[in-house]
Amino acid sequence: MHSTPSSACLEATQVVLPEGSYGISADVPFHVGKSTETKYSYLDTGRPVVVLDKTDVVPEQGIMHFQVRVQVLSHRSFHRAPPPRPCLLPPLPLFIAYTHSDLTISKTAPSYLAKLHHEEFLDLIQRLSRLVAGSCSPD
């Protein structure tokens with residue numbers, strides 16, 4: 001029966017490559033398990049990850065020297081978000097003014113009544129806080 005020393009362990013090394021990499025190969029001086037994964041981050045289309053697994057590795061040995069060869073697409077081929085269109089900027093102040101204005105015609109409209117109730121509620125809270133602050137202050 002083969003026994004492994006207590007200092008032997010499993011070592012996994014991950015190499016995250018640039019977005020758009022292809023033709024990935026890893027040269028390691030000894031036999032390792034090689035696999036590839038895809039790592040996603042915020043606003044990313046996925047970056048390839050090379051995972052090298054080696055069992056029965058003594059900590060002093062580890063996976064120290066290896067080489068990863070990769071081909072990367074030119075920076076012109078990456079998909080970028082288009083810049084904001086200048087034609088969208090002039091209507092922006094009009095849209096902001098429209099959303100912040102009260103265009104109710106009727107004083108019985110639900111939106112108008114809700115706004116009145118909200119203002120009355122805020123006024124009541126303000127009066128209560130002044131009353132509590134006045135009763136708690138030392139004379």
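Residues numbered from 1 in each chain as written. Predicted model: local features only at pLDDT ≥ 70, side-chain atom pairs only at ≥ 80, totals over all residues. Heavy atoms only, no water.

Draft legend 1. Representation of the overall build of the protein chain within the structure. A tally of helices and strands in the protein chain yields 2 helices and 5 strands. Along the protein chain, helices (α) and strands (β) appear in the sequence β-β-β-β-β-α-α when read from the amino end. Counting only contacts in the protein chain whose residues sit at least 6 apart along the sequence, the fraction spanning at least 24 positions is 70%. (Helix = DSSP H or I, 4+ residues; strand = E, 2+ residues; numbered from the N terminus. Contact = heavy atoms within 4.5 Å.)

Draft legend 2. Quick look at a nonpolar patch on the surface. There is a patch of nonpolar side chains on the surface, built from Phe121, Leu122, Leu124, Ile125, Leu128 and Leu131 and spanning about 580 Å² of accessible area. Residue placement: Leu122 occurs in helix α2 (residues 110-136). Exposure remark for Leu122: the relative accessible area of 46% places this residue in the partly exposed category. (Patch = residues over 30% accessible without salt bridge, like charges linked within 9 Å, V, L, I, M, F, W, Y side chains within 5 Å. Areas by Shrake-Rupley, 256 points an atom, 1.4 Å probe, with all protein chains shown as cover. Salt bridge = Lys/Arg side-chain N within 4 Å of Asp/Glu carboxyl O. Buried < 20%, exposed > 50% of the residue type's maximum accessible area, 1.4 Å probe, protein only.)

Draft legend 3. Summary view of the nonpolar core. Within the largest apolar cluster, 7 residues are counted, these being Val15, Leu17, Ala26, Val28, Val32, Val50 and Leu52. Other than its neighbours up to four places away in sequence, Val28 contacts Leu52 and Phe66. (Core = buried A, V, L, I, M, F, W, Y, C linked by side-chain atoms within 4.5 Å.)

Draft legend 4. A look at the side chain of Ser21. Here Ser21 lies in strand β2 (residues 21-27). A polar contact is formed between the side chain of Ser21 and the backbone oxygen of Pro18, at a distance of 2.6 Å. When sequence neighbours within four positions are dropped, the list of residues in contact with Ser21 reads Pro48, Val70, Gln71 and Val72. (Polar contact = N/O pair within 3.5 Å; in protein donor to acceptor, adjacent residues only side chain to side chain.)

Draft legend 5. The pattern of salt bridges, seen in detail. A full pass over the atoms with the stated rule returns 2 salt bridges. Between Arg69 and Asp27 there is a salt bridge, and its shortest N-O distance comes to 2.4 Å. In this pair, Arg69 sits in strand β5 (residues 67-72) while Asp27 sits in strand β2, placing the two residues 42 residues apart along the sequence. With its nearest N and O atoms 2.6 Å apart, the salt bridge here joins Arg127 to Asp123. Of the two residues, Arg127 and Asp123 both sit in helix α2, 4 residues apart, roughly one turn of that helix.

Draft legend 6. Representation of the environment of His31. Looking at the secondary structure, you find His31 in the loop between β2 and β3 (33-39). Separated by 21 residues in the primary sequence, His31 and Leu52 place their C-alpha atoms 9.7 Å from one another.

Draft legend 7. Representation of the environment of Thr38 within the structure. Mapped onto the fold, Thr38 is located in strand β3. A sequence separation of 21 residues divides Thr38 from Leu17, and the C-alpha atoms of the two residues are 9.6 Å apart. Excluding anything up to four places from it in sequence, Thr38 contacts Gly46 and Arg47.

Draft legend 8. Looking closely at the confidence of the model for the protein chain. In this model, the protein chain carries an average pLDDT of 76, and 77% of its residues clear a pLDDT of 70 or more. Averaged over each element, pLDDT in the protein chain is lowest for strand β1 (residues 9-16) (77) and highest for α2 (86). (pLDDT = per-residue confidence, 0-100.)

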